[in-house]
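# Topology and contacts: notes
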Amino acid sequence: MIEFWRFMKIIHIVGARPQFVKAAMVSRAWNSSDEEYIFHTGQHYSPEMSKLFFDELNLQKPDRNLNLGGGNHAEQTSGMLLGIDRYIEEIHPDHIVIYGDTNSTLAGALAASKRGIPLSHVEAGLRSFNRSMPEEINRVVGDHLSNFLFCPTEESKRNLVAEGIKENVYLVGDVMADALYFFLKIASKQSNILVSLDLQPKSYCLVTTHRSGNVDIKSNLKQIIDGLGGIDQPIILPLHPRTKKMLKVFDLHFSENVQLIDPVGYLDMLMLENNAECILTDSGGIQKEAYLLGVRCITMRDETEWVETVDAGWNYLAGADHEKISKSFYDFHPKEHRQQIYGSGDAADKIVQIIKSSLSGG
Ligand code: UD1
Ligand code: UDP
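Overview of the structure. (Residues numbered from 1 in each chain as written. Chains lettered and ligands numbered in written order. Predicted model: local features only at pLDDT ≥ 70, side-chain atom pairs only at ≥ 80, totals over all residues. Heavy atoms only, no water.)

## Some details on the overall build of the protein chain
Put simply, the rule reads: In this text, helices come from DSSP runs of H or I with a minimum length of four residues, and strands from runs of E with a minimum of two, each type numbered from the N-terminal end. Radius of gyration: over C-alpha atoms. The globule rule applied is 2.2 Å multiplied by the number of residues raised to the 0.38 power. Each residue is placed in one exposure class: buried if its accessible area under a 1.4 Å probe, protein chains only, is under 20% of its type's maximum, exposed if it is over 50%, and partly exposed if it falls in between. Contacts: residue pairs with any heavy atoms within 4.5 Å of one another. Note that accessible areas follow from Shrake-Rupley with a 1.4 Å probe, and for residues the cover is restricted to the protein chains shown. Only four residue types enter the charge count, namely Lys and Arg as positive and Asp and Glu as negative; His and the chain termini do not. Where a charge lies is defined by one atom per residue type: Lys uses NZ, Arg uses CZ, Asp uses CG and Glu uses CD.
A tally of helices and strands in the protein chain yields 16 helices and 13 strands. Its C-alpha atoms give the protein chain a radius of gyration of 20 Å, near enough to 21 Å, the size a compact globule of 362 residues would have. In the protein chain, which comprises 362 residues, the share counted as buried stands at 56%. Of all intrachain contacts in the protein chain linking residues separated by at least 6 positions in sequence, the fraction that spans at least 24 positions is 69%. Roughly 15,700 Å² of accessible area belongs to the protein chain as shown, and the carbon and sulfur atoms make up 50% of that amount. The centroid of the 36 positive side-chain charges in the protein chain is displaced by 2 Å from the centroid of its 47 negative side-chain charges.

Now the structure itself:
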C-alpha cells in the first residue's frame with residue numbers, strides 16, 4: 001500500500017522549562033519532511049531556564065520568541081494570545097500542539113481554537129481539583145478546547161471522561177518518561193554535577209520549590225524553610241527565580257544544611273535526582289521523575305495530579321507543613337514494588353502517529 005503524506009505545518013507552543021522537555025520529545029518523533037515551527041512565548045527567559053534546555057535537548061531553536069516573561073497572569077496570557085494569533089495568520093498551520101498547564105498552554109489553546117486550527121494537548125486530563133492553582137484553570141480550558149487529547153495516565157483519561165470529553169482521547173503514556181529514559185544514559189556520561197558539588201550518591205536530599213501557593217505566601221515559604229531545617233542531611237536546592245525573588249521580598253533565609261544553587265540543566269538535574277536519597281518538591285514533573293528513578297519523594301503540597309505515585313506508596317503529600325515535612329523525611333520509606341505507570345518510553349511516537357494519521361484523513 002502506498003501512503004501519501006502531505007507536508008504539514010505544525011506549530012509547537014512552548015514557554016516554560018518543562019515544556020521544552022515535552023516538546024523536545026514530540027519534535028524528535030516527528031517526520032523531518034513536515035514543517036515544524038517552535039513558537040516560544042518567552043515565559044521563561046533566563047538562559048538557565050530556557051536556552052540551556054534547547055541546547056541540551058537538541059530542540060530546534062525557536063522560530064519566533066515573544067519575550068513575554070514576567071508580568072501577571074492577565075498581562076502574560078493576553079500578550080501571548082495576540083502574539084500566537086498573529087503567528088497563525090503568518091504561517092497558516094495545519095495543526096498546533098500545546099503542552100502541560102502553563103499560561104503559554106492557555107494562550108495557545110485560545111489562539112488555536114478561535115482560529116479553528118486543530119489542536120492537540122499533550123499531558124491532557126490532569127487535575128488537582130484545586131481551582132486556586134493557576135495551572136488547574138489552564139488545564140481545564142486547554143482540555144475543553146483541544147481536538148486531540150493525549151493522556152499520560154489512566155487517571156487522566158478518567159478525569160476527561162468525567163467531564164464529558166470522550167472523543168479523540170488517547171492514553172499514550174508520558175512524554176516526560178520518554179525524555180527520562182532517553183536522556184538518563186547521556187546524562188550519566190556528560191554530567192559532572194556530583195563531582196562539582198562534591199556529592200556522594202544517596203547522601204543528600206534534592207529539593208525544588210516554586211509553586212505560587214507555596215512561595216508567594218510568606219507563612220507557607222517559612223513552613224517549608226523550617227521543615228527543611230529539621231532534616232539532618234545535606235540538601236541541594238536549585239533555586240527557581242520566582243522563589244529567589246520571594247526570599248528577598250520576605251527577607252527569609254534557609255538554614256545552613258541547605259545549599260542553594262542556580263537552576264541546573266536537564267542532564268545535571270537527572271543526575272542530581274537519580275543519586276538523591278530523597279527528593280522533596282512541589283514540582284509536577286519532578287514527582288514523576290522521582291518515581292521513575294525509584295527515589296522516595298515528599299511532595300510539599302496538599303494534593304497532586306500524579307496520584308498514582310502516592311497510591312503506589314512512593315510519594316508522600318506533606319503540604320507546606322514544617323512538621324509533616326521533617327517527620328516524613330525520617331518516617332516515610334516506600335516498600336512496594338514500582339509498576340510501569342507512565343508508559344514504556346514511546347508516548348511521543350504514538351502522539352505523532354495519531355496526529356499524522358488525522359492530518360492525512362486517516
Ligand atoms: C510557570 C508555570 C508553572 C510551572 C513553572 C515551571 C504558569 C501559571 N506557571 O511558573 O505551572 O510549573 O512555570 O517552572 O504558567 N523568572 C525569571 N526568569 C525566568 C522565568 C521566570 O527571572 O526565566 C521570574 C520572573 O520574576 C517571573 C517569575 O520568575 O515573574 C515567575 O515566572 P512565571 O513564568 O510567571 O511562573 P513560574 O513560577 O515560573
Ligand atoms: N528541572 C531542571 N532543572 C532544575 C529544575 C527542574 O532541569 O533546576 C527539570 C525537571 O527535571 C523536570 C522539569 O524541569 O524535567 C520540571 O520543571 P518544573 O519543576 O519547573 O515545572 P513543573 O513540572 O512543576 O511544571
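That covers the picture; the talk isn't over yet.
## Re empty space enclosed by the protein
The condition that has to hold: Cavities and pockets are defined on a 1 Å grid built over the protein atoms alone: a cavity is a set of grid points where a 1.4 Å probe fits but cannot escape, while a pocket is an open set with protein on both sides within 12 Å along at least five of seven lines, and lining residues are those with an atom within 4 Å of any such point. Grid points are joined across faces, edges and corners, and a volume is the space filled by probe spheres set on the points. Charged residues are taken to be Asp, Glu, Lys and Arg, nonpolar residues to be Ala, Val, Leu, Ile, Met, Phe, Trp, Tyr, Cys and Pro, and polar residues to be all remaining types, Gly included.
Inspection of the entire model under this criterion finds two cavities of 30 Å³ or more. Approximately 40 Å³ is the volume found for the largest cavity. Every residue along the wall of the largest cavity is listed here: Val122, Glu123, Phe150, Pro152, Val172, Gly173, Asp174, Val175 and Ile351. When its residues are assigned to classes, the lining of the largest cavity shows six nonpolar, one polar and two charged.

## Side note on the site of ligand 1
Test applied: Definition of nearness: a residue and a molecule or strand are near each other if at least one heavy atom of the residue lies within 4 Å of the molecule or strand. Contacts described as polar in this section are N or O atom pairs within 3.5 Å, which, within protein, must combine one atom able to donate a hydrogen with one able to accept it, while residues neighboring in sequence count only if both atoms come from side chains. Pocket or cavity membership: a molecule qualifies when more than half of its atoms sit within 2 Å of the grid points of that site.
Of all residues adjacent to ligand 1, which total 21 residues, the nearest are His44, Tyr45, Ser46, Glu135 and Arg242. Histidine 44 places a side-chain nitrogen or oxygen 2.7 Å from an oxygen atom of ligand 1. Separating an oxygen atom of ligand 1 from a side-chain N or O atom of glutamine 76 is a distance of 3.1 Å. When ligand 1 sits alone it has 760 Å² of accessible area, and the protein chains cover 90% of it. When atoms are counted within 2 Å of each cavity's grid points, the one that captures over half of ligand 1 is the largest pocket. At the level of elements, α3 (73–91), α5 (134–145) and α11 (241–250) are the ones that each hand at least two residues to the shell around ligand 1. In terms of residues, the shell around ligand 1 owes the most to one element, α11, which gives three residues. Here the shell around ligand 1 is composed, by residue class, of six nonpolar, ten polar and five charged.

## With respect to the site of ligand 2
By nearness alone, 18 residues border ligand 2, and Arg17, Arg211, Val264, Ser283 and Glu289 come closest of all. Contact between ligand 2 and glycine 284: an oxygen atom at 2.9 Å from a main-chain N or O atom of the residue. Within the contact set of ligand 2, an oxygen atom lies 2.6 Å away from a side-chain nitrogen or oxygen of glutamate 289. A total of 530 Å² of accessible area belongs to ligand 2 in isolation, and the protein chains cover 95% of it. A molecule is said to occupy a pocket when more than half its atoms come within 2 Å of that pocket's grid points, and by this definition ligand 2 occupies the largest pocket.

## Let's talk about the pairing of strand β5 (residues 119–122)
The following threshold applies: Note on pairing: DSSP must find at least two bridges between two strands before they are called paired. The handedness of a crossover follows from its direction of travel: if, with the strands pointing away from the viewer, the path from the first strand over the helix to the second runs clockwise, the crossover is right-handed.
Burial along β5 is two-sided: the face carrying Leu119 and His121 and the face carrying Ser120 and Val122 are both buried. Looking at chain direction, strand β4 (residues 95–99) and β5 are connected through four bridges and run parallel. Residue tyrosine 99 lies in a different strand from β5, and its bridge partner there is valine 122. Each parallel crossover has a hand, and the one from β4 via helix α4 (residues 103–114) to β5 is right-handed. Two strands pair when backbone bridges link them, and β5 and strand β6 (residues 148–151) are joined in this way by three bridges, in the parallel orientation. Residue pairing across strands places valine 122 opposite phenylalanine 150, the latter belonging to β6.

## Side note on the packing of helix α12 (residues 266–274) against helix α13 (residues 284–293)
The following threshold applies: In this analysis, axes come from line fits to C-alpha atoms, helices being fitted only over the stretch in contact, and the angle between any two N-to-C directions falls in the range 0 to 180 degrees. Should an angle lie under 35 degrees it is considered roughly parallel, over 145 roughly antiparallel, and from 65 to 115 roughly perpendicular; all remaining angles are considered oblique. Two helices that cross are described as forming a left-handed crossing if the nearer one is turned anticlockwise from the farther one by less than a right angle, and a right-handed crossing if clockwise.
α13 packs onto α12 with a crossing angle of 55° between their chain directions and a minimal axis gap of 10 Å. By the angle between their axes, α12 is oblique relative to α13. For the element pair α12 and α13, the recorded crossing hand is right-handed. Residues Tyr266, Met269, Leu270, Glu273 and Asn274 of α12 pack against Ile286, Glu289 and Leu293 of α13. Each residue belonging to the contact of α12 with α13 can be placed in one class, and the counts come to five nonpolar, one polar and two charged.

Keep in mind these numbers describe shape, not what the thing actually does.
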